[in-house]
Amino acid sequence: MDSPIAVIGGTGRVGRLVTRQLLARGETVRVIGRSTQRARRHMPAQAQYFTADVRDPGTLRTPLHGCAAVVYAVEPGTDAAGPDSPESTLHGGVRHVLDTLGAAGADRHFVLVSQRHVTRRDHPMNAYGRMLDWRLAGEDAVRSSGLPYTVIRPGWLTDEPGHGVLHLE
Ligand SMILES: NC(=O)c1ccc[n+]([C@@H]2O[C@H](COP(=O)([O-])OP(=O)(O)OC[C@H]3O[C@@H](n4cnc5c(N)ncnc54)[C@H](OP(=O)(O)O)[C@@H]3O)[C@@H](O)[C@H]2O)c1
């Protein structure tokens, strides 16, 4: 495909695997993150790196310009009040990306890496900055955006390539 695919959080554990798979398919990949140091350590040479912060919408315009699809694989902090709070990264950040895509007027596919248990408000993980509530709010923002989308709700990941499909009874 000629238009690039943006992987926000592409220097992270999930994002690195996604980036490698896309490159192997012959896609052009833009990795987006905050730390150039992390990018130097973890990014394949064939990917392009852009420094941007999902909490700061002004930084997203250039890296998202002209992309065919966006993969959002951002890890939140666990403190409800901190700058990395689940509210700012899992909901605010998703909205900033959607707004940036909407302002460009294009129909980009949005892939959101969410997590298992997201609908279980009583789950212990929700004690960390209401992480599950904000994830669900981020999912809802994607679903109501009108863009084509995929939401993935993984459980614990092993950071290894897939080895087939496990069928649970
Ligand atoms: N790994 C698992 O087992 C697992 C299981 C279920 C769900 N998930 C979900 O999958 C997503 C990715 O997880 P992961 O394990 O890959 O996390 P990770 O290794 O900590 O990577 C997180 C990525 O997000 C980027 N990031 C963080 N804050 C950002 C911001 N404000 N703006 C732009 N980029 C930002 C980081 O780069 P910088 O720090 O350079 O910005 C990094 O590339 C998360 O939502 C996680 O909860 C993971």
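The coordinates are above.
Definitions and limits used
- Here the residue numbers are simple positions, counted from 1 along each chain's written sequence.
- pLDDT decides what is reported in this predicted model: residues at 70 or higher carry local features, side-chain atom pairs at 80 or more are listed and counted, and totals for whole chains, interfaces and linings draw on all residues regardless.
- With hydrogens and water stripped out, all remaining heavy atoms of the structure feed into the side-chain values.
- A run of H or I in DSSP counts as a helix once it spans at least four residues, and a run of E counts as a strand once it spans at least two, with each numbered from the N terminus.
- Side-chain atoms alone can form a polar contact between residues adjacent in sequence; in general such a contact is a pair of N or O atoms within 3.5 Å, and within protein one must be able to donate a hydrogen while the other accepts it.
- Here the term buried applies to any residue with accessible area under 20% of the maximum for its type, exposed to any over 50%, and partly exposed to those in between, with areas from a 1.4 Å probe on protein chains only.
- In what follows, a contact means two residues having at least one pair of non-hydrogen atoms within 4.5 Å.
- Any two strands with at least two DSSP-identified bridges between them are counted as paired.
- Seen with the strands pointing away from the viewer, any crossover whose path from the first strand over the helix to the second strand runs clockwise is right-handed.

Structurally, the position occupied by R34 is in the loop between β2 (29-33) and α2 (36-42). Residues R34 and G129 lie 95 residues apart in sequence; the distance between their C-alpha atoms is 22 Å. Within polar-contact distance, the side chain of R34 engages the side chain of D84 at 3.3 Å.

Right, let's get into the environment of H109. The topology assignment puts H109 in strand β5 (residues 109-113). Residue class for H109 comes out partly exposed when judged on its relative accessible area of 28%. In this structure, H109 is in contact with A68, A69, V70, P148, Y149 and T150, ignoring residues within four places of it in sequence.

Within β5, four of the five residues are buried, leaving the element largely enclosed by the surrounding structure. Pairing of strand β4 (residues 69-72) with β5 involves four bridges; the strand directions are parallel. If you follow V70 over to β5, its bridge partner there is F110. Regarding the hand of the β-α-β motif, the stretch spanning β4, helix α4 (residues 86-104) and β5 is right-handed. In this sheet, strand β6 (residues 149-152) lies alongside β5 in parallel orientation, the contact comprising four bridges. Residue L112 lies in a different strand from β6, and its bridge partner there is V151. This β-α-β element, β5 to helix α5 (residues 131-143) to β6, shows right-handed connectivity.

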